Amino acid sequence: MTTPLMTERQRKTGFFLCLATIVLAVLDQNIVSAATVPIVRDLDPDHGVDLIPWLISAFALAATAALPLYGKLCDVLGAKRVFLGAVTVFLAGSALCGAAQSMGQLIAFRALQGIGGGGLMSVTMVVMAHLKGPQEKAGAGKSGSFGGIVAGVGMALGPLVGGLLSDHADWRWIFYVNLPVGLAVLFFAARTLKLPHHTRRHRIDFLGAGLAAAFSTSLLLVTEWGGKQYAWTSPLVLGLICGSVAALGLFLWRQATAAEPVLPLTMFRHPNLRIGFAVQGLVGMALMGSIVYIMIYLQVVRGLPATSAGLFLLPMAFGMTVVGIASGRLAVAGWSHKTFVISGTACAVVAMLLLATTGAGTGLWVIRAELLLLGVAFGQLVGQLLQLIQDSAPREQLGVATTGIRFFQTLGSALGAALFGTLLTRVFAARMPGGNTSTIGTLTGRQHEVAVHAFVTSMDVVFLAAAGIMALALLIASRLPARKPAQLEVAIAA
């Protein structure tokens, strides 16, 4: 996997460029949620509010739908070509979003930006795997850890950056700011990256990619709409559920029969890949749920503005960064991936249980400490799971394996948002019949106290559910083979 055509300086430059693209992609996936009010006020003050769900989800829908195809394209065309193409599409979408004159245009351009963003969040990881130096050839390199940590930190800081830009600058700058950075990445990547070329011709399973896109899109729409815009028993939601099940069945059939599938089912014969994908999906559920519901708690119960609430994610980002860097160095020293994954999932269980004790008067510094512990937990997971997958995948399937872990994380996040949202709504309704979480801020006196108590205790149930999910992840992670990274390559070669 070493790239002898590149000097050490070029390799480090390429690594830095990859980190910059990951930051751009992950920030843009979350940044719009904090700027919806000024966007609607500017583009469509009368009817724009009804289109906000599409505005927020367009990026994620397009990025997730494109993920399986990106992995195969990397294995067929080479990672550099696909990387440059994804950055170009992302920049085109960013420029068009900044120039949008209506909500409809902005939603369409966000989808285009998401297609490129899906490549930035996945193909970049493939490029980083190719950039490993000779001292990292056994698979214990720090590149995957750094990439995973940057992605996790970007997820935590996205709402904060969006709030700052929308409060202190025009909302269009949340898109325009991508252009100088992205153009610099394009220029230097084209000159610097020298990755392995593919000499054997391959066929691309476009039908399989289309079925994967249909499944992920319908599933994400179910999680976005179910129990919110439409009842779970509505014909539209039931139709989407049936459609996603049918698309999944057809996709599995296609992957079992296609000559060169986009997500080969043979990968699931490797225990490390099978377990890694499962744990990553569960981590996606818990990570997204913890960020979303802590932000809701701080704004609804403690009355903090969005920007101030976003600052509470800094301890979580700090914990993820420091522990992620440390785990990368310890992995180079010979620590096994299993050690980190078990430790990370165990810390996450403890952090979720502590968050489940949060009350209306819990000290804000206590919440910061709990988020720091949560960052320590996920810092051990997001990078090491990616590294585990890359070390375990056959070389010719590096692209599909790397994008596969991102695919499972995205689907896990979507399912987690739906599960936790439904759970919060049902428990709150049971404890305060006729109440609505969106009206808590308008209540006064005794009614407000009762509503806040019902909301906080309902949120505690959500975090208990998240702790249960991470406990399941811990149980699954315990089945990982206790082998060091250097041993994995020998096992694969055999």
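Residues numbered from 1 in each chain as written. Predicted model: local features only at pLDDT ≥ 70, side-chain atom pairs only at ≥ 80, totals over all residues. Heavy atoms only, no water.

Chemist: What should I look at first to understand the overall build of the chain in this one?
Modeler: If you tally the helices and strands in the chain, you get 18 helices and zero strands. Each of the 494 residues in the chain was classed as buried or not, and the buried ones make up 55%. Sequence separation of 24 or more characterises 84% of the internal contacts of the chain that already satisfy a separation of 6 or more. (Helix = DSSP H or I, 4+ residues; strand = E, 2+ residues; numbered from the N terminus. Buried < 20%, exposed > 50% of the residue type's maximum accessible area, 1.4 Å probe, protein only. Contact = heavy atoms within 4.5 Å.)

Chemist: Looking at this structure, I do not really get the nonpolar core. What am I missing?
Modeler: Soluble globular proteins: nonpolar side chains tend toward being buried together. Among the nonpolar cores identified, the biggest contains 108 residues, and F83, V127, M316, M352 and F378 are the most heavily contacted of them. Considering every element that reaches this core, the biggest residue donor is helix 11 (residues 271-300), with 15 residues. Setting aside its immediate chain neighbours within four residues, F83 contacts T21, V123, T124, V127, V185, A189 and L193. (Core = buried A, V, L, I, M, F, W, Y, C linked by side-chain atoms within 4.5 Å.)

Chemist: Looking at this model, I keep getting lost on the packing of aromatic side chains. Mind explaining?
Modeler: Given two aromatic rings, one states the distance between the centres and the angle between the planes to describe the pair. With the rule as written, the count across this model stands at seven aromatic pairs. Between F187 and F188 the ring centres are 5.1 Å apart and the planes differ by 85°, which places this aromatic pair in the edge-to-face class. Residue F187 is classed as partly exposed on the basis of its relative accessible area, which comes to 48%. Taking 4.9 Å as the distance between ring centres and 25° as the angle between the ring planes, the aromatic pair formed by F277 and F408 counts as stacked. With F277 in helix 11 and F408 in helix 16 (residues 398-431), the pair connects residues that are 131 residues apart, well separated along the chain. With a relative accessible area of 24%, F408 lands in the partly exposed category. It is R368 that lies over the ring of F312; its NZ or CZ is 4.2 Å from the centre. The ring of W365 has R368 lying over it, and the distance from NZ or CZ to the ring centre is 4.3 Å. (Phe/Tyr/Trp six-rings, centres within 6.5 Å; stacked < 30°, edge-to-face > 60°. Lys NZ or Arg CZ within 6 Å of the ring centre and 35° of its normal.)

Chemist: Would you mind going over the confidence of the model for the chain with me for this structure?
Modeler: Close inspection of predicted coordinates is inappropriate for parts of the model with low pLDDT. Per-chain confidence: the chain averages 79 in pLDDT, with 82% of residues scoring 70 or above. In this model residues 137-141 is a low-confidence stretch, pLDDT under 50, and it forms 18 contacts with partners more than four residues away in sequence or in other chains. Every residue in residues 484-494 is under pLDDT 50, and counting partners more than four places away or in other chains gives 25 contacts. (pLDDT = per-residue confidence, 0-100.)

Chemist: It is not clear to me how a nonpolar patch on the surface should be interpreted in this structure. Could you clarify?
Modeler: A cluster of nonpolar side chains, L238, I241 and V245, forms an exposed patch at the surface whose accessible area comes to about 240 Å². By the element assignment, I241 lies in helix 10 (residues 235-257). (Patch = residues over 30% accessible without salt bridge, like charges linked within 9 Å, V, L, I, M, F, W, Y side chains within 5 Å. Areas by Shrake-Rupley, 256 points an atom, 1.4 Å probe, with all protein chains shown as cover. Salt bridge = Lys/Arg side-chain N within 4 Å of Asp/Glu carboxyl O.)

Chemist: Got a minute to help me understand the pattern of salt bridges in this structure?
Modeler: Where charged atoms from two side chains of opposite charge come close, those side chains can pair. Applying the stated criterion to the full structure yields two salt bridges. Salt-bridge contacts for D42 lead to R172; the nearest nitrogen and oxygen are separated by 3.6 Å. With D42 in helix 2 (residues 36-43) and R172 in the loop between helix 6 (143-168) and helix 7 (173-176), this pair connects stretches of sequence that are 130 residues apart. A relative accessible area of 43% places D42 in the partly exposed class. A salt bridge links R446 to E449, with the nearest nitrogen and oxygen atoms 3.4 Å apart. Taken together, the residues span about one helical turn, with R446 and E449 both in helix 17 (residues 445-477) at a distance of three residues. Owing to a relative accessible area of 62%, R446 belongs among the exposed residues under this scheme.

Chemist: Looking at this structure, I do not really get the packing of helix 15 (residues 364-392) against helix 16. What am I missing?
Modeler: For any two helices packed against each other, one specifies the inter-axial angle together with the distance between the axes. At a closest axis distance of 9 Å, the pairing of helix 15 and helix 16 adopts a crossing angle of 155°. The pairing of helix 15 with helix 16 is recorded here as roughly antiparallel in orientation. The hand of the helix 15/helix 16 crossing is right-handed. On helix 16, the residues touching L385, L386, I389 and Q390 of helix 15 are L398, A401, T402 and I405. When its residues are assigned to classes, the contact of helix 15 with helix 16 shows six nonpolar, two polar and no charged. (Axes fitted to C-alpha atoms, helices over the stretch in contact; angles between N-to-C directions. Parallel < 35°, antiparallel > 145°, perpendicular 65-115°, else oblique. Left-handed = near helix turned anticlockwise from the far one by under 90°. Nonpolar A, V, L, I, M, F, W, Y, C, P; charged D, E, K, R; others polar.)

Chemist: What is the right way to look at helix 15 in this model?
Modeler: The first and last C-alpha atoms of helix 15 sit 42 Å apart over 29 residues, in line with the 42 Å expected at 1.5 Å per residue. Maximum bend of helix 15: about 25°, positioned at F378. Counted residue by residue, helix 15 has 21 buried out of 29 residues, so it is predominantly covered. (Expected span 1.5 Å × (residues − 1). Bend = angle between axes of the 7 residues up to and from the residue.)

Chemist: Just to check I follow, could you spell out the packing of helix 11 against helix 17 for this structure?
Modeler: Where helix 11 contacts helix 17, the two axes come as close as 9 Å, and the packing angle between them is 165°. Considering the angle they form, helix 11 stands roughly antiparallel to helix 17. As helix 11 runs across helix 17, the sense of the crossing is left-handed. In the contact of helix 11 with helix 17, the residues fall into 23 nonpolar, one polar and no charged.

Chemist: What's the story with the environment of I115 in this structure? I'm lost.
Modeler: Locating I115 in the fold gives a position in helix 5 (residues 103-130). Taking the C-alpha atoms as reference points, I115 and A66, separated by 49 residues in sequence, lie 6.1 Å from one another. When near neighbours in sequence (up to four residues on either side) are disregarded, I115 contacts A62, A63, A66, Y70 and V89.

Chemist: In this structure, what is going on with helix 5? I would like to understand it.
Modeler: Each α-helix winds once per 3.6 residues, and so residues spaced three or four apart point in a common direction. Look at helix 5: 40 Å from first C-alpha to last across 28 residues, which is about the 40 Å you get at 1.5 Å a residue. At S122, helix 5 shows its maximal bend, which comes to roughly 30°. Buried residues dominate helix 5, accounting for 21 of its 28 residues.

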